[in-house]
Protein chains: 2
Amino acid sequence: MKKYNEEDALLFIVAANLKKIRSHKGLTQEELGFRSGISKNYISDFERGRRNITIKVFQRLIEGLEVEPQDLLTL
Amino acid sequence: MKKYNEEDALLFIVAANLKKIRSHKGLTQEELGFRSGISKNYISDFERGRRNITIKVFQRLIEGLEVEPQDLLTL
DNA sequence: ATGTGACTTAAAGTCCGTA
DNA sequence: GTACGGACTTTAAGTCACA
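Attention here is on the structure that accompanies the text. Worth saying up front: this structure is predicted, and the values here are computed from it rather than measured.

Let's shift gears to the overall build of chain A. A tally of regular secondary structure across chain A gives five helices and zero strands. When the helices and strands of chain A are placed in sequence order, the string is α-α-α-α-α. Its C-alpha atoms give chain A a radius of gyration of 11 Å, near enough to 11 Å, the size a compact globule of 75 residues would have. In terms of overall dimensions, chain A has C-alpha extents of about 30 × 25 × 25 Å along its principal axes.

Before going further, it helps to examine unusual backbone geometry. Note on backbone geometry: most residues besides glycine have negative phi, and most peptide bonds are trans. Residue and element names in this part refer to chain A. If you check the backbone angles, Glu 66 has positive phi at about 60 degrees while not being a glycine. For Glu 66, the position within the fold is in the loop between helix H4 (55–65) and helix H5 (69–73). You can call Glu 66 exposed: its relative accessible area is 61%.

Moving on, we get to the protein's contact with DNA strand C. If you check the shell around DNA strand C, you find 20 residues, and the closest are Gln 29 and Arg 48 of chain A together with Asn 41, Arg 51 and Asn 52 of chain B. In DNA strand C, atoms within 4 Å of the protein come from the sugar-phosphate backbone in 65% of cases. Between DNA strand C and Ser 39 of chain B there is a distance of 3.3 Å, counted from a phosphate oxygen to a backbone nitrogen or oxygen. Tyr 42 of chain B places a side-chain nitrogen or oxygen 2.9 Å from a phosphate oxygen of DNA strand C. Every element with two or more residues in the surface near DNA strand C is listed here: helix H1 (9–24) and helix H3 (40–47) of chain A together with helix H3 (40–47) of chain B. At four residues, H3 of chain A tops the list of elements feeding residues into the surface near DNA strand C. Its residues assigned to classes, the surface near DNA strand C comprises four nonpolar, nine polar and seven charged.

Turning next to the side chain of Asp 45 of chain B. Relative to the assigned elements, Asp 45 of chain B resides in helix H3. Setting aside residues up to four positions removed in sequence, Asp 45 of chain B forms contacts with Arg 50 and Arg 51 of chain B.

Moving on to the protein's contact with DNA strand D. Close to DNA strand D lie 18 residues; Asn 41, Tyr 42 and Thr 54 of chain A together with Gln 29 and Arg 48 of chain B are nearest. A share of 67% is what sugar and phosphate atoms reach among the atoms of DNA strand D within 4 Å of the protein. With respect to DNA strand D, the side chain of Arg 51 of chain A contributes an N or O atom lying 3.1 Å from a base nitrogen. A distance of 2.7 Å separates a phosphate oxygen of DNA strand D from a polar side-chain atom of Gln 29 of chain B. Breaking the surface near DNA strand D down by element, the ones donating at least two residues are H3 and H4 of chain A together with helix H1 (9–24) and H3 of chain B. Its residues assigned to classes, the surface near DNA strand D shows three nonpolar, nine polar and six charged.

Let's shift gears to the relation of the copies chain B and chain A. In screw terms, the move from chain B to chain A is a rotation of 180 degrees and a rise of 0.1 Å along the axis, fitting with an RMSD of 0.1 Å. Such a turn and shift between the copies fits a two-fold axis. Taking C-alpha positions as the reference, the residue of chain B nearest the rotation axis is Thr 54 of chain B, at 2.0 Å. Mapped onto chain A, 100% of the interface residues of chain B again fall at the interface, so both copies present the same surface.

For Gln 59 of chain B, the location among the structural elements is in helix H4 (residues 55–65). Judged by its relative accessible area of 7%, Gln 59 of chain B falls in the buried class. Other than its neighbours up to four places away in sequence, Gln 59 of chain B contacts Glu 6, Glu 7, Asp 8, Ala 9 and Leu 10 of chain A.

Each value, and the rule that gives it
Residues numbered from 1 in each chain as written. Chains lettered and ligands numbered in written order. Predicted model: local features only at pLDDT ≥ 70, side-chain atom pairs only at ≥ 80, totals over all residues. Heavy atoms only, no water. Helix = DSSP H or I, 4+ residues; strand = E, 2+ residues; numbered from the N terminus. Rg over C-alpha atoms; globule rule 2.2 N^0.38 Å. Buried < 20%, exposed > 50% of the residue type's maximum accessible area, 1.4 Å probe, protein only. Near = heavy atom within 4 Å. Polar contact = N/O pair within 3.5 Å; in protein donor to acceptor, adjacent residues only side chain to side chain. Nonpolar A, V, L, I, M, F, W, Y, C, P; charged D, E, K, R; others polar. Contact = heavy atoms within 4.5 Å. Least-squares fit on C-alpha atoms with pLDDT ≥ 70 in both.

Dropping the structure here:
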């Protein structure tokens, strides 16, 4: 498991949920990127905790995944 | 009511909720800024829909307000 | 299908001041 | 107590070539 700071807690929760839900839905990073208008590299970075996304990007990811905001926030 | 783009929907929901909860708790922008380590100007800007905050800042605001993430996302 | 480094540009976020 | 502006520094957005 990756080590993370307290200040990054929510970020890592969102990233982990994104990765889990994305694969459960059978989507690749590239496909999700296409659906949400975000580069696959960026999604890769985010899932590994290397990006601090904005709310706008968060919304686009949710829409691409077809889930609700809270689905990415709940542990 | 302020006009906003579809792509800003979540942002405006969060901003409106922040403002509402903050005042209900009797906190000023400055006090919330102090608690969450964010400048009062930035909070003012955000509440008026002029800023696209990151997840890290979102987390700090939540902690400063002492609420749960979903409290800022639910309409 | 995903991870990484390096990169440019756009925007996040601060601080000063005024009203 | 909040809104708004200018000037500023730091970081996120977004892409690319390649492993």
